[in-house]
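Given next are the chains, with one letter for each unit.
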Amino acid sequence: MGGFFKSSIGRKFAMALSAFFLMFFLLQHFAINFTSVFSGETFNEVSHFMGTNPLIQFVLQPILIFGVIYHFVMGIILELQNRNARQISYAKNNGGANSTWMSRNMIWTGLAILAFMGLHFYDFWFPEINTKFIEGDWSGLHDGEFRYYHELQEKFLSPVRVGLYVLAFVFLALHLLHGFNSAFQSVGANNKYTRGLKLFGKLYAILIPLGFVVIALYHHFNHNH
Amino acid sequence: MNLTLKIWRQKNASDKGKLVDYLINDVSPDMSFLEMLDVLNDKLITDGDEPVAFDHDCREGICGMCSLYINGEAHGPDRGVTTCQLHMRKFTDGDTIYIEPFRAKAFPVIKDLVVDRSAFDRIQHAGGFISVNTSGNTQDANSIPISKHAADEAMDAATCIGCGACVASCKNSSAMLFVGAKVSQYALLPQGQVEAADRVLNMVKQMDEEGFGNCTNTGACEIECPKGISLENIARMNTEYLKASLKG
């Protein structure tokens, strides 16, 4: 089993497993964010639970960090290996004749998402880590009230930031349109359920990023009123 | 029809190579692509020039020798055919046609459009076989029950002719469709079970050592494969590989 993750197939498996974890994470992240549209109070409570629960903070969060880092580092390594496997390019290559734009540009949509994560971490994750782990404040309070919903609204005031978020989720949708089903193929799932799974994958790839966009736009326009 | 051909010319493996333009007139739409190149080579020889080197053998779509990356696609714009089965009626008068060798580090160019695909042979040698006792006590194949479904799937996988269109079409130069087909044709049958684990481990190891890229499931290989080998074979190889690795 030692050589498994060094082989091309083993690395495909590992990319797919980290992708499954990230897609599950994305789904629960969306579900929590979505509560902010109809109830700031619910959003505050769920955010506080997620931000202070030891299992989430000290077990799932490190797994998530590992999953994210593994996925993009291995993605870049595999891309470099793949480029090296064809050292002279074709003078004329009609890639569109046999594959989708999304499948051929996973590295670029992936790097766009990585760039967005820099912004997202700057906005939310780094301040959160600073408050809890450096300042030692685990209360989740600001002026006697839960701070999460207020912080969310503050961030979505800027039209530039909202624009960048919307753009990032377009890239995420493009990444998922290939990535969702690619992950299943990588772990060997290509069978009678594949057609249904492809449809589900397309719905997931479009609806989840669209949901995040709607949440960002909702807070931007709702707060400005 | 009259055509402009942009053909990759490369004297030998160490030459840098370049695209050279050729004008060819009075091409019949009923010619196969290779016949059109034959006509060009006749002209080049008559003119005292070096003919274009390209691979071909059976010219019936069976041997897998003819290659060529034509106008940005392996075996040209038609589907389910090799270059010898591609006809000039797929092109129109006045077209410019790019003709390049299959490109991959694992398929080095030998001369002009001829590439060395012996990497596929070495992968086959690593495990693409079953060991059969031929001492005279060989069991009749028909005495082993095999379901129709498994037999059909194994036969589909076995139609791979090892032409390399999958590698040439893949943006990563991955050989996984070829190896997936060769693993599957035995993995689906009882005769292939005895050596199943060693087979997939050794063939994948050889594939990785040959310098092919990693599969990212673009599906280009399946579309361009002249024999319609399905991506299911790659999925099957992945699970076979996992099973074999877990077995130790």
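Residues numbered from 1 in each chain as written. Chains lettered and ligands numbered in written order. Predicted model: local features only at pLDDT ≥ 70, side-chain atom pairs only at ≥ 80, totals over all residues. Heavy atoms only, no water.

Trainee: Give a description of helix α5 (residues 106-134) of chain A that names residues and reports values.
Mentor: Residue and element names in this part refer to chain A. The first and last C-alpha atoms of α5 sit only 36 Å apart over 29 residues, clearly below the 42 Å expected at 1.5 Å per residue. The largest bend in α5 comes to about 55 degrees, at Phe121. Looking only at α5, the buried set comprises Met106, Ile107, Thr109, Ala112, Ile113, Phe116, Met117, His120, Asp123, Glu128, Thr131 and Lys132. Summarising the contacts, the buried residues of α5 are in contact with α1 (8-38), α2 (40-52), α3 (54-84), α4 (101-104), α6 (148-155) and α7 (159-186). Phi turns positive, to about 75 degrees, at Gly136, one or two residues after α5. (Helix = DSSP H or I, 4+ residues; strand = E, 2+ residues; numbered from the N terminus. Expected span 1.5 Å × (residues − 1). Bend = angle between axes of the 7 residues up to and from the residue. Buried < 20%, exposed > 50% of the residue type's maximum accessible area, 1.4 Å probe, protein only. Contact = heavy atoms within 4.5 Å.)

Trainee: If you had to explain the sheet that holds strand β1 (residues 3-9) of chain B to someone new, which residues and values would you point to?
Mentor: The strands that make up a sheet pair up through hydrogen bonds in the backbone, lying either parallel or antiparallel. Strand order in the open sheet formed by five strands is β2-β1-β5-β3-β4 (chain B), with mixed pairing between adjacent strands. Each edge of the sheet is formed by a strand with only one pairing partner; in this case those strands are β2 (18-24) and β4 (73-74) of chain B. (Pairing = 2+ DSSP bridges.)

Trainee: Just give me the short version of the pairing of β1 of chain B, but keep the residues and values in it.
Mentor: Residue and element names in this part refer to chain B. Counting buried positions over the seven residues of β1 gives five, a clear majority of the element. Pairing geometry for β1 and β2, over seven bridges, is antiparallel. Paired with Lys6 across the bridge in β2 is Asp21. Where β1 lies against strand β5 (residues 96-100), four bridges are found, and the strand directions are parallel. Directly across from Ile7, in β5, lies its bridge partner Ile99.

Trainee: How would you explain the domain arrangement of chain B if you had to name every residue and give the values?
Mentor: Residues and elements named next belong to chain B. According to the domain assignment, chain B contains domain 1 (3-111) and domain 2 (118-247). Between domain 1 and domain 2, the C-alpha centre-to-centre distance is 29 Å. Residue-level contacts link 19 residues of domain 1 with 19 residues of domain 2. The three residues of domain 1 that bury the most area against domain 2 are Arg79, Ala106 and Phe107, which together make up 31% of that side's buried surface. Inspection of the region where domain 1 meets domain 2 yields one salt bridge. In this structure, the connection of domain 1 to domain 2 is made through two residue pairs in polar contact (both at pLDDT 80 or more). Counted by class, the side of domain 1 that touches domain 2 contains nine nonpolar, six polar and four charged residues. (Domains from an automatic or database assignment. Buried area = accessible area lost by both parts, 1.4 Å probe. Salt bridge = Lys/Arg side-chain N within 4 Å of Asp/Glu carboxyl O. Polar contact = N/O pair within 3.5 Å; in protein donor to acceptor, adjacent residues only side chain to side chain. Nonpolar A, V, L, I, M, F, W, Y, C, P; charged D, E, K, R; others polar.)

Trainee: Residue-level account of the pattern of salt bridges, with values.
Mentor: Summed over all chains, the structure comprises 22 salt bridges over all chains. Between Glu153 of chain B and Arg236 of chain B there is a salt bridge, and its shortest N-O distance comes to 3.3 Å. Here Arg236 of chain B lies in helix α8 (residues 232-247) and Glu153 of chain B lies in helix α3 (residues 148-158), a separation of 83 residues in the sequence. Exposure class is identical for Glu153 of chain B and Arg236 of chain B. Each is buried. Shared partners join several salt bridges into a network, and the residues in it are Glu128, Lys132, Arg147 and Glu151 of chain A.

Trainee: Any details on the nonpolar core? Residues and values, ideally.
Mentor: Core analysis: the biggest nonpolar cluster contains 44 residues, and Phe120, Val179, Phe212 and Met237 of chain B have the highest contact counts within it. If you list the elements that add at least two residues to this core, you get α1 of chain A together with α2 (118-127), α4 (165-169), α5 (176-187), α6 (196-209) and α8 of chain B. Of the residues forming this core, the biggest block, six residues, is contributed by α5 of chain B. In this structure, this core is formed jointly by two domains, domain 1 (3-111) and domain 2 (118-247) of chain B, each of which donates at least three residues. Discounting residues that sit within four places of it in the chain, Val179 of chain B has contacts with Ile123, Met203, Met207 and Met237 of chain B. (Core = buried A, V, L, I, M, F, W, Y, C linked by side-chain atoms within 4.5 Å.)

Trainee: Can you lay out unusual backbone geometry for me, pointing to particular residues and giving the numbers?
Mentor: Residue and element names in this part refer to chain B. Here Leu68, not a glycine, exhibits a phi torsion of approximately 75 degrees, which is positive. Take Leu68: it is sitting in the loop between α1 (33-46) and β3 (69-70). Non-glycine residue His75 carries a positive phi angle of around 65 degrees. As for its placement among the helices and strands, His75 is situated in the loop between β4 and β5. With a relative accessible area of 0%, His75 lands in the buried category.

Trainee: Before we move on, could you go through the packing of α2 of chain B against α6 of chain B and cite the residues and values that matter?
Mentor: All names here are of chain B. Relative orientation of the contacting elements α2 and α6 amounts to 155 degrees, with a least axis distance of 8 Å. Between α2 and α6, the interaxial angle falls into the category roughly antiparallel. Of the two elements, α2 crosses α6, and the hand of that crossing is right-handed. The residues of α6 that touch α2, namely those facing Arg122, Ile123, Gln124, Ala126 and Gly127, are Arg199, Asn202, Met203, Gln206 and Met207. Grouping the amino acids of the contact of α2 with α6 by side-chain chemistry returns four nonpolar, four polar and two charged. (Axes fitted to C-alpha atoms, helices over the stretch in contact; angles between N-to-C directions. Parallel < 35°, antiparallel > 145°, perpendicular 65-115°, else oblique. Left-handed = near helix turned anticlockwise from the far one by under 90°.)

Trainee: Got a sec to walk through the packing of aromatic side chains? Specific residues and values, please.
Mentor: For the structure shown, the criterion picks out 29 aromatic pairs over all chains. With a centroid separation of 6.1 Å and 85 degrees between ring planes, the pair formed by Phe58 of chain A and Phe133 of chain A is classed as edge-to-face. Here Phe58 of chain A is found in helix α3, whereas its partner Phe133 of chain A is found in helix α5, with 75 residues between them in sequence. Residues Phe169 of chain A and Phe212 of chain A carry aromatic rings whose centres are separated by 4.8 Å and whose planes lie at 5 degrees to one another, so their mutual orientation is stacked. A residue pair is termed long-range when its members are at least 10 positions apart, and Phe169 of chain A in helix α7 and Phe212 of chain A in helix α8 (residues 194-224) qualify at 43 residues. For the pair Phe169 of chain A and Phe212 of chain A, one class covers both residues: buried. An aromatic cluster is present here, built from Phe30, Phe34, Phe38, Phe116, Phe156, Tyr165, Phe169 and Phe212 of chain A joined pairwise through their rings. Against the face of Trp138 of chain A rests Lys132 of chain A, its NZ or CZ located 5.6 Å from the ring centre. Stacked on the ring of Trp8 of chain B, the Lys or Arg Arg103 of chain B has its end atom at 4.2 Å from the ring centre. (Phe/Tyr/Trp six-rings, centres within 6.5 Å; stacked < 30°, edge-to-face > 60°. Lys NZ or Arg CZ within 6 Å of the ring centre and 35° of its normal.)

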